[in-house]
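Below, each chain spelled out in residue letters.
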Amino acid sequence: MFHFLDLIGTMAFALSGALTAMSKKMDPFGVFIIAFVTAVGGGTLRDILIGRTPVGWMLDLNYVYVIAVGFVLAIIFRKKFDKLRTSLFLFDTIGLGVFTLIGLEKGIHIGLHPIICVALGTMTACFGGVIRDILCTEIPVIFRREIYATLCILGGIVFFILRDLNLENDVLYLTTSSIIISLRLMAVKFKWYLPTLEKK
Amino acid sequence: MFHFLDLIGTMAFALSGALTAMSKKMDPFGVFIIAFVTAVGGGTLRDILIGRTPVGWMLDLNYVYVIAVGFVLAIIFRKKFDKLRTSLFLFDTIGLGVFTLIGLEKGIHIGLHPIICVALGTMTACFGGVIRDILCTEIPVIFRREIYATLCILGGIVFFILRDLNLENDVLYLTTSSIIISLRLMAVKFKWYLPTLEKK
Amino acid sequence: MFHFLDLIGTMAFALSGALTAMSKKMDPFGVFIIAFVTAVGGGTLRDILIGRTPVGWMLDLNYVYVIAVGFVLAIIFRKKFDKLRTSLFLFDTIGLGVFTLIGLEKGIHIGLHPIICVALGTMTACFGGVIRDILCTEIPVIFRREIYATLCILGGIVFFILRDLNLENDVLYLTTSSIIISLRLMAVKFKWYLPTLEKK
């Protein structure tokens, strides 16, 4: 079930990457690469930083297949995505919750400090998008106003608080990801934004 | 012979990096760094992703020396490179073929799936240029129209088909790199381009 | 003492990152990330390239705390930093000297060639700023005119010359960092610049 949601999230991220790349007038190769790094870039960065190599997608081809499907779907339906915006946003939000959990878990698994685990969760969920934006030469969207990464950090903190209460893993995972997902939905619905910090 | 071609390719990539950096009005340090990452960036990314560290150029100084020579040549002859464009393009194309093979081999060596090996070959040949473009804040040129990475993928597929026929390694290497190199020459001569994918 | 100077440098780099991010109108999350990568990005890249994982700041939370303090200070005093410019520059210069030494040492420790060690020292001191600039979609400032990385290279060369004279480690460290720091102060005071290399 968890792995299934992981793949759903991966496809949503791949679609969002492909759509961004097409709006930059890239060729099919560029679109595929942007879809790929958006989907697995965060987890890849995490794996590199903790020394878990070869990185995840090299050992589990399901990621590659799912991204390939997402890429093809993005090309075929590229003129209809405005209508699918809501479902895509929903999948992307599922990805946000699931990817955060995966990152948290990898950190716990090798015995890192909770603060670092929260950082790994946030990185897994958000840094694919950062790399996507850099490859498109844009200042990463999550650095500007959007409440996105902040929710992963919040979810990570909640995770460790609940963990100290000795909740079962299933409950723990479900609660954490539900919190991230529902806050994200509310943030978009009610237009919550972070303030920008300016020097004057 | 193979290692010699590798160094030829490295120098060609270093020259192309140095020329790009000079057109961006960088200082000598910037020019050297861009030459360096263009030449070894793809292989470095590959080594990091598969966990082959310290990365290649840290253990074989020949790369550093060849890049230094390329850097000096680029500075001395910087006003004459328009005339040398054809030879430079030829070297660059040799690099494309040889680097693809090197990436394929590293992947096979640690037992990765053929799809991942093709990805590693393409990355080795093309991602030095991607990092160069990012450091110059340009959208990577290989993501836009140019038939370049696609040939590495094609070459990689041919490689595995021929490998299944139990060809000898020498024949295998020669055929694969010849295909990549000759298709690249034809792509430029006959102005083959990939279509861009646009959303409307 | 050495570790203390390391943390001083880390905070100075974090402040400089935070100020750059605020001038780009980022939100608090973006400002924190830019502060973070400016401070530890160079060392992180070095650790990844030599395979020292999990990377440094994951195992020593002092870096995280110091960066967090720097981040908060940058936000509180963001309208007053023009007056603090001189102290900030001084701290940054200390960071430059200390970070170069740390990079040199890590390379020596795993037996790499002096040329590679000098590269690691320069990377540790300068590439946090490069990643900061890339995330802000600017061509890295150290690639354009400013004498900065060149001093790390120079300091590294002096380090290995003095080391061959069998100086004690303390003297060696003090001399190398003093040279880097004082040359940097002079470079700024007397407006020394590198020439840019242009193609015509």
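Residues numbered from 1 in each chain as written. Chains lettered and ligands numbered in written order. Predicted model: local features only at pLDDT ≥ 70, side-chain atom pairs only at ≥ 80, totals over all residues. Heavy atoms only, no water.

**A closer look at the nonpolar core**
Next up, step 1: Formed by 202 residues in total, the largest nonpolar core has its most connected members in W57 of chain A, W57 of chain B together with W57 of chain C.
Next up, step 2: Once you skip the residues sitting within four places of it in the chain, W57 of chain A turns out to touch F36, V40, T44, Y63 and V64 of chain A together with L49, I116 and M123 of chain B. (Core = buried A, V, L, I, M, F, W, Y, C linked by side-chain atoms within 4.5 Å. Buried < 20%, exposed > 50% of the residue type's maximum accessible area, 1.4 Å probe, protein only. Contact = heavy atoms within 4.5 Å.)

**Observations concerning the UniProt feature "domain: Glycine transporter" (unreviewed entry) in chain A**
All names here are of chain A.
Next up, step 1: This chain's UniProt record puts "domain: Glycine transporter" (unreviewed entry) on residues 4-78 and 90-163.
Next up, step 2: Helix makes up 83% of residues 4-78 and strand makes up 0%, while its end C-alpha atoms are separated by 25 Å.
Next up, step 3: Strand forms 0% of residues 90-163 and helix 77%; the C-alpha atoms that close the span are 27 Å apart. (UniProt positions renumbered as here; feature names shortened; annotations may be inferred. Helix = DSSP H or I, 4+ residues; strand = E, 2+ residues; numbered from the N terminus.)

**A closer look at the interface of chain A and chain C**
Next up, step 1: Listed as interface residues are 34 residues of chain A and, on the opposing side, 32 residues of chain C.
Next up, step 2: Summed over the shared surface of chain A and chain C, the result is 0 salt bridges.
Next up, step 3: Our count for the chain A to chain C interface comes out at 3 residue pairs in polar contact (both at pLDDT 80 or more).
Next up, step 4: Here the side of chain A that touches chain C takes 8 residues from helix α6 (residues 114-135) of chain A, the largest share from any one element.
Next up, step 5: Each residue belonging to the side of chain A that touches chain C can be placed in one class, and the counts come to 21 nonpolar, 6 polar and 7 charged. (Salt bridge = Lys/Arg side-chain N within 4 Å of Asp/Glu carboxyl O. Polar contact = N/O pair within 3.5 Å; in protein donor to acceptor, adjacent residues only side chain to side chain. Nonpolar A, V, L, I, M, F, W, Y, C, P; charged D, E, K, R; others polar.)

**Focus: the side chain of S177 of chain B**
Next up, step 1: Structurally, S177 of chain B is set in helix α8 (residues 169-189).
Next up, step 2: Not counting chain neighbours up to four residues away, the residues in contact with S177 of chain B comprise G97 and L101 of chain B.

**Describing the relation of the copies chain C and chain B**
Next up, step 1: Each copy of the sequence occupies a distinct position, and chain C is placed on chain B by a rotation of 120° and an axial shift of 0.0 Å, giving an RMSD of 0.0 Å. Here the two chains are linked by the operation of a three-fold rotation axis. No C-alpha of chain C lies nearer the rotation axis than that of T137 of chain C, which sits 3.5 Å from it. (Least-squares fit on C-alpha atoms with pLDDT ≥ 70 in both.)

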